[in-house]
Amino acid sequence: GDHGEEFLEHGRMFHGQSVYGELTNVPLILWGPGFIPRGIEIGQTVQTIDLMPTIVEASGAPYPRQMGSREIFPMAGASLMPALRGEKTPARTLYFEHEGNRGVREGRYKLTALRGEPWRLYDISADRTEIQDLLLTALGDAFAAWTGRDELLVDLEGHGREDLFEGVDLSRTV
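Everything numeric in this text was worked out from a predicted model, so none of it was measured.

Student: Can you break down the sheet that holds strand β5 (residues 94-98) residue by residue, with the values?
Tutor: The strand order β5-β6-β7-β8 describes an open sheet built from 4 strands, whose pairing is antiparallel. The open sheet has two edge strands, β5 and β8 (120-123), and neither has a second partner. Across this sheet, the average inter-strand angle for adjacent strands is 15°, counted without regard to direction. With 5 bridges connecting them, strand β6 (residues 101-106) and strand β7 (residues 109-113) associate as antiparallel partners.

Written out as structure tokens, the structure is:
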């Protein structure tokens, strides 16, 4: 598949409404006898746009520059063949957008903004479920240092959970 599904993990259902991991973290399985080695698993994050360069390299086919009189856009993405051969590949920054929901993934960090909502920063290596907004936490820590208080009550309104349970206070302490 090209996407996952949401089941209220972030207060939304189905797909296309966010860029959280439950939608974007989908396994990619490739099969190609004679082209792709068996049993290879790569841990790097890839994108659907990487399929075309991978297929072109695996097949040895040239990528056309034009079709008839029409110029063809240059190929985008990066071939996965070096990674499938066990070669070290350079780290990449990944950018994505869907229906106004957008994000950037670089190394262990993922920066996201849902349509009409503020940016949020997550440390994916420590928080695969994308719950702990590091920007909000940093703001809370700075406020706590400034006021000398150990706790700051933060209202999560606008963070996708306020409609999850009617009448339940979903505020939390940072």
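Once you've had a look at it, read on.
Student: Describe the confidence of the model for the protein, naming the residues involved and giving the relevant values.
Tutor: Of all residues in the protein, 73% attain a pLDDT of 70 or more, and the chain-wide mean is 77. Of all secondary-structure elements in the protein, the lowest mean pLDDT belongs to strand β10 (residues 172-173), at 41, while strand β4 (residues 70-71) reaches the highest, 94. Note that residues 161-165 has pLDDT below 50 and, in this model, 10 contacts with residues that lie over four places away or in other chains. Counted against residues more than four places away or in other chains, residues 168-174, with its pLDDT under 50, gives 23 contacts.

Student: Would you mind going over the side chain of E130 in detail, with residue names and values included?
Tutor: The residue E130 is located in the loop between β8 and α4 (134-147) in this model. Using a relative accessible area of 2% as the deciding quantity, one classes E130 as buried. Within the local environment of E130, its side chain forms a polar contact with the side chain of K110, the two groups lying 3.2 Å apart.

Student: Kindly report on the pattern of salt bridges, identifying the contributing residues and their values.
Tutor: Summed over all chains, the structure comprises 6 salt bridges. The partner of E57 in a salt bridge is R85, and the shortest N-O contact between them spans 3.0 Å. One end of the pair, E57, is in helix α2 (residues 51-59); the other, R85, is in the loop between α3 (81-84) and β5, with 28 residues separating them in the sequence. By relative accessible area, which is 44% here, R85 ends up partly exposed. Among the ionic pairs, E87 bridges to R85, the shortest N-O distance being 3.0 Å. Looking at E87, the relative accessible area reads 41%, which means it is partly exposed.

Student: Could you give an account of the side chain of S79, with specific residues and numbers?
Tutor: Position of S79 relative to the elements: it lies in the loop between β4 and α3. Here E57 takes part through its side chain, which lies 2.6 Å from a polar atom of the side chain of S79. Engagement of the side chain of S79 in a polar contact is seen with the backbone nitrogen of M81, the distance being 3.1 Å. Ignoring sequence-local partners within four residues, the contact set of S79 consists of P53, T54 and E57.

Conventions and cut-offs
Residues numbered from 1 in each chain as written. Predicted model: local features only at pLDDT ≥ 70, side-chain atom pairs only at ≥ 80, totals over all residues. Heavy atoms only, no water. Pairing = 2+ DSSP bridges. Helix = DSSP H or I, 4+ residues; strand = E, 2+ residues; numbered from the N terminus. Axes fitted to C-alpha atoms, helices over the stretch in contact; angles between N-to-C directions. pLDDT = per-residue confidence, 0-100. Contact = heavy atoms within 4.5 Å. Buried < 20%, exposed > 50% of the residue type's maximum accessible area, 1.4 Å probe, protein only. Polar contact = N/O pair within 3.5 Å; in protein donor to acceptor, adjacent residues only side chain to side chain. Salt bridge = Lys/Arg side-chain N within 4 Å of Asp/Glu carboxyl O.

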